[in-house]
Structures are given as structure tokens and as C-alpha cells.
Amino acid sequence: MSADLDTRAIAILRRNDRGGYTVPTHGLYPFQWNWDSAFVALGFAEFDRDRAWTEIETLVSGQWDDGMIPHIIFHRDDPGYFPGPGVWATGRTPPTSGITQPPVLATVLRRLWEQEGSDPAHPRLRRLYDACLASHRWFHRFRDPMGNGLVMATHNWETGRDNSSEWDDALARVDTSGVGTYQRRDTGHVDAAMRPTAAEYDRYVAILQFGRDCGWDHRRIADAGPFRVVDVGMSMELLRANRDLLVLATALGDAAAVAELTARIALSTAGIDWLWNDEVGAYCSRDATTHVSSGLVTSASFLAFYAGVGSPAQRQRLLAALDRMTRSAVYLLPSLEAGSRAYDHQRYWRGPVWLVVSYMVAEGLAEAGETGWAERIRADSARLIATSGFYESFSPETAAGSGGPDFSWTAAMWLAWVRKGAGA
Ligand code: DGY
């Protein structure tokens, strides 16, 4: 069975390859997405090393002069997606969106480089290292409103966890009176019950329009934008990525970056407690304007292990929360705990299991010595794929696939992680 799934996963990546970049899935997402591409590179690395590097080189070809790596690069237009390049109107070549996505690229870069022997003179390392450093500096400059090393998202799409209930309160304050009419395309590709609601979409569009109306001035958006939330996911991911970038900076002898990254890591490691919610016993996203904690345990809360943070007592409480999740979920790791407000086992980031988050959480748990939990998450992921194939996400209750089929990052996670340890 494993060999058959290997063949299918490779075929999906080949089929979704548009020449130098991979679409997340046919139809629903017809462009290059930032964090999708980073994870997809790990999948290609298992059977085509050159193609793995090309994937992330193409991604950084869309980097802005200020350092931001955009969340979508529209290498070619496609009328089957909304909001397309004309709506974003960023004036970039190639056209891109005006927001970013989770900073996982440096972590992937380090992995590719180590897989090939950790040679500081690796011919494809330097340009990508420089791109990651510029991107991390962009986060530090524009997305650290409290100066505590955490990451503020200015659009829920930046978090990658688009409709997580963590954003509900901040989104409720977004004025949608000027949004006008538009035609969604996503619900023409997949069941609307698996996608954000119409009211939520209006808010997503209103936030986009604010950015566009201020010419994608990232300073103004950060200071005065309608959505300002410190995301537990991006904060943990950037901290982890800074640790990985530090390894590369050291290997390359970039002393200034070593000092800068070391200071940044110390700042974030101390700052992360601002997200700790002692009532629920987990790190939770927190509004940058009202300072109210979401109070929600989501899959991103468990990225603490991946980021290397938490006292022994905090880690025990996180493991207790993970254990609680197993009482309602047949398959780990649901994106939201059952029983939480707005939990829905098939609606996007309000319950379904997403293998890229499962992967990061399992990596972190294994590194922390929690190998039993890491293996449980991996084995559950294998059962999800064996039952339903390579879907975008999966019900934690029934294993049914939700969202798009033949999904690139799910195929990549099979190849790079899930099949391993299964005797593959
Ligand atoms: C979408 O279109 O739903 C994407 O997730 C936005 O990045």
C-alpha cells in the first residue's frame, strides 16, 4: 500500500507542477502560494532534488523590495479564482497579493541544505538565505507592534488558518459597508459547507480593500489596519525559522546576522508568554488592539514544541490539552477542539486536520522527547490518507476528506514525513 501511495503522491506533485512552481490543487487554487510551496519542496526533495530547489527559487522571485514574500504569486492569470491579481492591484511584476503567509521557508531551506551535506558553499544556498533574512527583517520591522518578537497578522489569510475561530472577534469589528458586490469562485469548486461563510468573506474582502486603498503601505496597514491580531501560529513559526536561519548564518560566517538573529530569538522566547492563557493552559492568539486572548486551543497552540518554548509546567499543560483532544477526535490533530465555539468537523480551519500543521507539531514533539505523541499524530495522518486519499484536509471524526482533492502539500507530507517510520 505504501508503494502505491508513494506513486500517487509523486503523480499529484507532477500533475500540479505548472513549470517551476506547483499549484496547491487544480481549480480551487490555481497560483503559487507561499507556505504551500515551502512544504511542497520537502515532497519534491524525496524524488527530484533540483525541482525542490526550483520551487522555492520561484517563490522568492516574487519577493518585494521591502522584503515581504507575498502569499500568492500570480504567474499567470486564471479567471477561476477570486480575488485575482486585478483585485489586489499591487502593481508588482510578477503580480502578487499584498500580504504574506507563515514564515516556514527558512526551516525548509535548512532541511534541504542539510539533506545535501550542509556545505556552506552550496551553490543554491546564498540567494535563498538572503531572501529569508530579508523576509524575517520585514516581519521584525512591520509586524512586531509590541516589540516583543511576536508576529501580528494584518489579514486572517496571512495566518494560513483562514477561518479559524481565533479571528472571529477581530473580524466582527471589520466594517463591510463599502465592500460592494463580487463573485466568489471557491464555492464553485468545492462544497460551500467546507468553506468560509459569505459574511466572513465580506470581511476578508474589506481588509484587502483597506490595504489596496493605502497603496499597500505596510507601515500604515500595520498601524491602522482593520485587522490586527498577534497570531500564535506565525509567532511560533517565525521563532523556529529564526533558529534555523541562525544555523545557516553561522555556517555562512555572517557575523552580523548571527548577532541579530540571536537577539531576536531571545526577544521572542521571552515575549511568547504574552500569548500564554493560564485559564485554558495553552498559548493562544491575542488581539493586538484590544489585547484580548482568543482563549481557544487550536492546533497552532501545540507549535510551542516546534518553536522550542514553554517551561516544563507549561509543556505539561499543553500535553494535557492534547490528551483532551483525543477524547473528541478519532484522528489527531484537529484544528480546533470539539466543543469549542464554532467547531465544525468539515469546515476548513474550524475542526479539520491539516497535515502541514500536524507535521510541524509532530516534529516539535519528537524533538522535545515526546515521541509517543509524535508517533500518534503521524500514524493518524497515515490512516487519514489511506482512508480518503490526498485531500486538502480531513474530518477528525470520520476521516472524510474536505476541501480540494489531490492536494500538493498533503502529497508532500506523505512523501517527506507520514510514510517514514511506517516501514517505507
Ligand atoms: C483562499 O482563497 O481561500 C486562500 O486560502 C487565500 O489564501
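Residues numbered from 1 in each chain as written. Predicted model: local features only at pLDDT ≥ 70, side-chain atom pairs only at ≥ 80, totals over all residues. Heavy atoms only, no water.

Draft legend 1. Region of interest: the overall build of the protein. Looking only at helices and strands, the protein features 17 helices and nine strands. Taking 424 residues into account, the globule formula puts the C-alpha radius of gyration at 22 Å, and the protein, at 20 Å, falls close to it. Along the three orthogonal principal directions, the C-alpha set of the protein runs to about 55 × 50 × 45 Å. In the protein, which comprises 424 residues, the proportion classed as buried is 61%. Excluding contacts between residues fewer than 6 apart, the proportion of contacts in the protein whose partners are at least 24 apart in sequence is 70%. Within the structure as shown, the protein displays about 14500 Å² of accessible surface, and the carbon and sulfur contribution to it stands at 50%. Taking the average location of the 42 positive side-chain charges in the protein and that of its 51 negative ones, the two points are 0 Å from each other. (Helix = DSSP H or I, 4+ residues; strand = E, 2+ residues; numbered from the N terminus. Rg over C-alpha atoms; globule rule 2.2 N^0.38 Å. Buried < 20%, exposed > 50% of the residue type's maximum accessible area, 1.4 Å probe, protein only. Contact = heavy atoms within 4.5 Å. Areas by Shrake-Rupley, 256 points an atom, 1.4 Å probe, with all protein chains shown as cover. Lys, Arg positive; Asp, Glu negative; His and termini not counted. Charge placed at Lys NZ, Arg CZ, Asp CG, Glu CD.)

Draft legend 2. Quick look at the nonpolar core. One finds F39 and Y283 to be the most contacted residues of the largest nonpolar core, which totals 139 residues. A per-element tally of this core places helix α11 (residues 232–252) first, with 11 residues. (Core = buried A, V, L, I, M, F, W, Y, C linked by side-chain atoms within 4.5 Å.)

Draft legend 3. Region of interest: the packing of aromatic side chains. By the definition in use, this model includes 27 aromatic pairs. Taking the ring centre of F44 as reference, the NZ or CZ of R51 above it sits at 4.5 Å. Between R240 and the ring centre of Y306, over which it is positioned, the NZ or CZ distance is 4.5 Å. (Phe/Tyr/Trp six-rings, centres within 6.5 Å; stacked < 30°, edge-to-face > 60°. Lys NZ or Arg CZ within 6 Å of the ring centre and 35° of its normal.)

Draft legend 4. Molecular detail of the sheet that holds strand β3 (residues 152–153). Judged by pairing direction, the sheet is antiparallel, and its three strands sit side by side in the order β3-β4-β7 without closing on themselves. Whereas interior strands pair on both sides, the edge strands pair on one side only; in this sheet they are β3 and β7 (286–287). Strand direction decides the pairing type here: strand β4 (residues 229–230) and β7, joined by two bridges, are antiparallel. Counted as the bridge partner of V229 is D287 from β7. (Pairing = 2+ DSSP bridges.)

Draft legend 5. Unusual backbone geometry, seen in detail. Between F82 and P83 the backbone carries a cis peptide bond, its omega angle lying at 0°. Backbone torsion omega between T93 and P94 reads -10°, so that peptide bond is classified as cis. Positive phi outside glycine occurs at S118, with the angle close to 55°. One can find S118 in the loop between α5 (105–115) and α6 (125–142). Exposure remark for S118: the relative accessible area of 31% places this residue in the partly exposed category. For Y348, which is not a glycine, the phi torsion comes out positive at approximately 55°. For Y348, the location among the structural elements is in the loop between α14 (312–328) and α15 (355–367). By relative accessible area, Y348 is classed as buried at 5%.

Draft legend 6. View of the pattern of salt bridges. Overall, the coordinates contain 36 salt bridges when judged by the stated rule. D186 is the salt-bridge partner of R184, the closest N and O atoms lying 2.7 Å from each other. Note on accessibility: R184 and D186 belong to one class, buried. (Salt bridge = Lys/Arg side-chain N within 4 Å of Asp/Glu carboxyl O.)

Draft legend 7. Broad picture of the environment of T25. Along the chain, T25 falls in the loop between α1 (2–16) and β1 (32–33). Accessibility expressed as a relative area gives 1% for T25, which makes it buried. For the pair T25 and R324, spaced 299 residues apart in sequence, the C-alpha separation works out to 33 Å. For T25, the residues in contact, after removing those within four places along its chain, are N16, P30, G404, P405, D406 and F407.

Draft legend 8. Spotlight on α5. Considered for burial, the residues of α5 that qualify are L105, A106, T107, V108, L109, L112 and W113. Packing partners of the buried residues in α5 comprise α2 (34–44), α3 (49–60), α6, α11 and α13 (304–307). Taken from the residues just after α5, G117 is the one with a positive phi, measuring 100°.

Draft legend 9. Structural view of the packing of α3 against α5. Two numbers describe how α3 lies on α5: the axes approach to 12 Å, and their chain directions differ by 155°. It follows that α3 is roughly antiparallel to α5 by the angle criterion. α3 and α5 meet at a crossing whose hand is left-handed. The segment α3 lies against α5, with R49, A52, W53, I56, L59 and V60 engaging L105, L109, L112, W113 and Q115. Residues belonging to the contact of α3 with α5 are distributed by class as follows: nine nonpolar, one polar and one charged. (Axes fitted to C-alpha atoms, helices over the stretch in contact; angles between N-to-C directions. Parallel < 35°, antiparallel > 145°, perpendicular 65-115°, else oblique. Left-handed = near helix turned anticlockwise from the far one by under 90°. Nonpolar A, V, L, I, M, F, W, Y, C, P; charged D, E, K, R; others polar.)

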